[in-house]
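Given next are the chains, with one letter for each unit.
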Amino acid sequence: MKILWLINIALPEASLLMNEKPSPFGGWLINASKDLAIQDGIKLSIAFPKKGIQNFKKLEGDKITYYAFKPVKDKDKEIIENNTNFLEIIKEFKPDIVHIYGTELAHSLSMVNACNREKIKIAISIQGLVSVISKHTFANLPWKVVYGATPRNILRKDNVIGLQKLFFKKGKNEIEAIKKVNHIIGRTTWDKAYTSQINPNAQYHFCNETLREEFYKHKWDIKKCEKHSIFLSQAHYPIKGFHFVLEAMLLMLKRFPDTRVYVSGKDITKSDTLKDKLLMTYYGKYIKKLIKDYKLEKSIIFTEPLDEKQMCERFLKSNIFVSASTIENESNSLSEAKMLGVPSVSSYVGGVIDRINHNEDGFFYQHDAPYMLAYYVCEIFSNKDIALKFSKKAREKAMKTHDRETNANRLIEIYRNILPKREF
């Protein structure tokens, strides 16, 4: 069985073949691809966009063949309809199935069109869904913040209203791609509900995801974590809900004055140099003002971007992980927290509702009710038994949900269900 994956970034092996430093993003695809590539009777190729490529470039890895292709832009209507690079890749590799990961970029629709033209079986795996995310972008922000813009926002059109328009625009291609396929792979009630409403004739296949390697190796220990510390894996744009966390902090600090929040990624409030000021978004400016107004300067720590190992270490050092998003499919960060056994509190949104049993292996709260976030965080801070119960039960559940062998076998089963029996 010959499988061609279409993904959004280069995996580490492909980056090394191009003499480049591997990206810290998309790590969950690494184990999934390795586990699939070692299966008897499976030949795996992976295509990904790469700036600077004129057409496409073939790279031979140990067990996987890679195709780096020229990125497809939303405005490239002719290429989306007739992508000669994709047609050439299909002609050369002759896949039985093309498996597309993600729907938000134009190359997904372009590959769907190429496969339909060549009568190749297609499956789309749902990651996020930008056509839905666009409806939640404003995240209860003041209109001044929604429409406000810094020089960087004006240049890149990425203020809050700009992001909403971008998601809406990309969502049109996403919806068209979903309408044109017969097979959808998902993992939550949310992605099943939405995709079935777009394309009720498509067959939905359930398959959980495999996580990054490092998160299978470690276990959270309450004795080794930093007491009253909270970890957020993202905060750079509104749907991650950081502004709600800051509001909740006012209440947390009343009970636990030493509470600290660690945020992975670039410091969006940094304005030390002219370059910093030019790169700051209006949302970052708003967050900076909130931190100052709430007197949280000593309570918020941006870690800068973390690689896989550093991210795992930050999880293990934290007392609680918080997912504060206003919308999410499945939060991979929440899944990683659960795999390690880090007690977690999450907003009750999107597909995340399938990932926690409230008061059994974590706490849920209404996303725009920061007072409830504060309450549940303080419940864990003040009750060791709750923290230990959540840690144990979340880890047990995550180890089943993200079992590598189970998920690899399920994916192969899906491929076989899609193909006529005579083809494998």
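Look a little higher up for the structure.
Just so it is clear, the model here is predicted, and its values are computed rather than measured. (Residues numbered from 1 in each chain as written. Predicted model: local features only at pLDDT ≥ 70, side-chain atom pairs only at ≥ 80, totals over all residues. Heavy atoms only, no water.)

## Focus: the overall build of the protein chain
The condition that has to hold: Only DSSP runs of H or I covering at least 4 residues are called helices, and only runs of E covering at least 2 are called strands; the numbering of each starts at the N terminus. With the radius of gyration taken over C-alpha atoms, the globule rule is written as 2.2 Å times the number of residues to the power 0.38. A 1.4 Å probe rolled over the protein chains alone gives each residue an accessible area, and that area as a share of the maximum for its type sets the label: buried under 20%, exposed over 50%, partly exposed in between.
A tally of regular secondary structure across the protein chain gives 18 helices and 14 strands. A compact globule built from 424 residues should have a C-alpha radius of gyration of about 22 Å, and the protein chain, at 22 Å, falls within 12% of that. By principal-axis analysis of the C-alpha atoms, the protein chain measures approximately 65 × 50 × 45 Å. Of all 424 residues assigned to the protein chain, the portion counted as buried reaches 58%.

## Considerations on the environment of Q127
We apply this condition: Residue contacts are defined here by distance: any two heavy atoms, one from each residue, within 4.5 Å place the two residues in contact.
Inspection of the secondary structure assignment puts Q127 in the loop between β6 (121-125) and α6 (130-133). Using a relative accessible area of 15% as the deciding quantity, one classes Q127 as buried. As a C-alpha pair, Q127 and K240 span 113 residues in sequence and 16 Å in three-dimensional space. Once residues within four sequence positions are removed from consideration, Q127 is found in contact with W28, Y101, G102, R187, E209 and N329.

## With respect to the packing of helix α9 (residues 160-179) against helix α10 (residues 189-198)
Our working rule: Comment: axis = line fitted to C-alpha atoms, over the contacting stretch for helices; angle = value between 0 and 180 degrees taken between N-to-C directions. For this classification, under 35 degrees means roughly parallel, over 145 means roughly antiparallel, 65 to 115 means roughly perpendicular, and everything else is oblique. In the scheme used here, Gly and all other residues not listed as nonpolar or charged are polar, with Ala, Val, Leu, Ile, Met, Phe, Trp, Tyr, Cys and Pro taken as nonpolar and Asp, Glu, Lys and Arg as charged.
Where α9 meets α10, the closest approach of the two axes is 9 Å, and the angle between their N-to-C directions is 80°. With respect to each other, α9 and α10 are oriented roughly perpendicular. Between α9, through I175, I178 and K179, and α10, the contact on the second element is made entirely by Y194, T195 and I198. Tallied by class, the residues present in the contact of α9 with α10 amount to four nonpolar, one polar and one charged.

## Thoughts on the sheet that holds strand β11 (residues 300-304)
Sheet strands line up and pair through hydrogen bonds in the backbone, either parallel or antiparallel. How we decide: Whether two strands pair depends on DSSP finding at least two bridges between them.
Spatially, six strands are ordered β11-β10-β9-β12-β13-β14 in an open sheet, and the strand pairing comes out parallel. The open sheet has two edge strands with one neighbour each: β11 and β14 (363-365). Averaged over all neighbouring strand pairs, the angle between strand axes comes to 25°, with direction disregarded.

## Regarding the pattern of salt bridges
Defined as follows: The working definition used for a salt bridge is a side-chain nitrogen of Lys or Arg within 4 Å of a carboxyl oxygen of Asp or Glu.
Going through the model one piece at a time under the given rule, you end up with 19 salt bridges. Because the salt bridges share partners, they merge into one network encompassing R187, E209, E330 and R355.

## With respect to helix α11 (residues 242-255)
In plain terms, the rule: Expected helix span is taken as 1.5 Å per residue step, with the number of steps being one fewer than the number of residues. Fitting one axis to the seven residues ending at a residue and another to the seven starting there, the bend at that residue is the angle between the two axes.
With 14 residues, α11 should cover 20 Å at 1.5 Å per step; its first-to-last C-alpha distance of 20 Å lies within 8% of that length. Of all the bends in α11, the largest measures some 30° and sits at M249. For α11, the full list of buried residues reads F242, H243, F244, V245, L246, A248, M249, M252 and L253. Where α11 is buried, its residues meet β9 (226-232), β10 (260-264), α13 (282-293), β11 and α16 (370-382).

## Digging into a positive patch on the surface
Cut-off, in case you're wondering: Within this analysis, patches are made of residues with over 30% relative accessible area and no salt bridge. Like charges are joined at 9 Å or less; nonpolar side chains (Val, Leu, Ile, Met, Phe, Trp, Tyr) at 5 Å or less. Under the convention used here, a 1.4 Å probe and the Shrake-Rupley method define accessible areas, while residue burial counts only the protein chains that appear. Charge counting treats Lys and Arg as positive and Asp and Glu as negative, with His and both chain ends excluded. Here the site of a charge means atom NZ of a Lys, CZ of an Arg, CG of an Asp or CD of a Glu.
A cluster of basic side chains, namely K51, K70, K73, K75, K77, K157, K169 and K172, defines a positive patch on the protein surface. By the element assignment, K73 lies in the loop between β4 (64-69) and α3 (77-81). Overall, K73 belongs to the partly exposed group, its relative accessible area being 49%.

## Observations concerning the nonpolar core
Rules: Here the nonpolar core consists of buried residues drawn from Ala, Val, Leu, Ile, Met, Phe, Trp, Tyr and Cys, with membership extended through side-chain atoms lying within 4.5 Å.
F242, I300 and V345 are the most contacted members of the largest nonpolar core, which has 66 residues in total. Counting 41 residues, the second-largest nonpolar core is a separate cluster that includes I80, L87, I126 and I198.

## Remarks on the sheet that holds strand β3 (residues 56-60)
Across the sheet, which stays open at both edges, the eight strands sit in the order β3-β4-β2-β1-β5-β6-β7-β8 with mixed pairing between neighbours. Either end of the sheet is taken by a strand with one partner, and the two such strands are β3 and β8 (203-206). Across the sheet, the mean angle separating the axes of adjacent strands is 25° when strand polarity is ignored. Relative to β6, strand β5 (residues 97-101) runs parallel, the two being bridged by five bridges. Across the sheet, residue V98 finds its bridge partner in β6, namely I122.

## Notes on the packing of α11 against α16
Angle between the axes and distance between the axes: these two values describe a pair of packed helices. Heads up, the condition is: Crossing chirality is assigned from the near helix's rotation relative to the far helix, an anticlockwise turn below a right angle marking it left-handed and a clockwise turn marking it right-handed.
One way to put it is that α11 packs onto α16 with a least axis distance of 8 Å and a crossing angle of 45°. Judged by the angle between their axes, α11 and α16 are oblique. With respect to the hand of their crossing, α11 and α16 are arranged in right-handed fashion. Each of F244, V245, E247, A248, L251, M252 and R255 in α11 lies in contact with α16, whose residues at this interface are P370, Y371, L373, A374, V377, C378 and S382. In terms of residue class, the contact of α11 with α16 is made up of 11 nonpolar, one polar and two charged.

## Details of the packing of aromatic side chains
Threshold: The aromatic pairing rule takes the rings of Phe, Tyr and Trp, using the six-membered ring of Trp, and pairs them if the centres are within 6.5 Å, calling planes under 30 degrees apart stacked, those over 60 edge-to-face and the rest tilted. Put simply, a charge is over a ring when the Lys NZ or the Arg CZ is close to the ring centre, within 6 Å, and near the line of the ring normal, within 35 degrees.
This model, assessed by the stated rule, comprises 17 aromatic pairs. For the pair F242 and F302, a centre-to-centre distance of 6.0 Å together with 80° between the ring planes defines the contact as edge-to-face. Taken as a pair, F242 in helix α11 and F302 in strand β11 lie far apart in primary sequence, 60 residues in all. Summarising the aromatic geometry, the rings of Y375 and Y376 are spaced 5.3 Å apart at their centres and angled 65° between planes, so their arrangement reads as edge-to-face. Y375 sits in the partly exposed class, given a relative accessible area of 42%. Here the aromatic residues F215, F231, F315 and F321 are joined through ring pairs into a cluster of three or more. Its end group placed over the ring of F93, K2 keeps NZ or CZ at 4.8 Å from the ring centre. One cation-aromatic arrangement involves R314 over Y262; the distance from NZ or CZ to the ring centre is 3.8 Å.

## Section: the side chain of E174
For E174, the position within the fold is in helix α9. No salt bridge is formed by the buried E174; its nearest oppositely charged neighbour, K135, is found at 9.4 Å. Apart from the residues within four sequence positions on either side, E174 is in contact with T103, E104, G128, L129, V130 and S131.

## Structural notes on helix α15 (residues 332-340)
In terms of burial, α15 is largely enclosed, as eight of its nine residues are buried. Listing the buried residues of α15 in full gives S333, L334, S335, E336, A337, K338, M339 and L340. Looking at the buried side of α15, the elements it contacts are α14 (308-317), β12 (318-323), β13 (344-347) and α17 (384-401). Two residues or fewer after α15 comes G341, characterised by a positive phi angle close to 90°.

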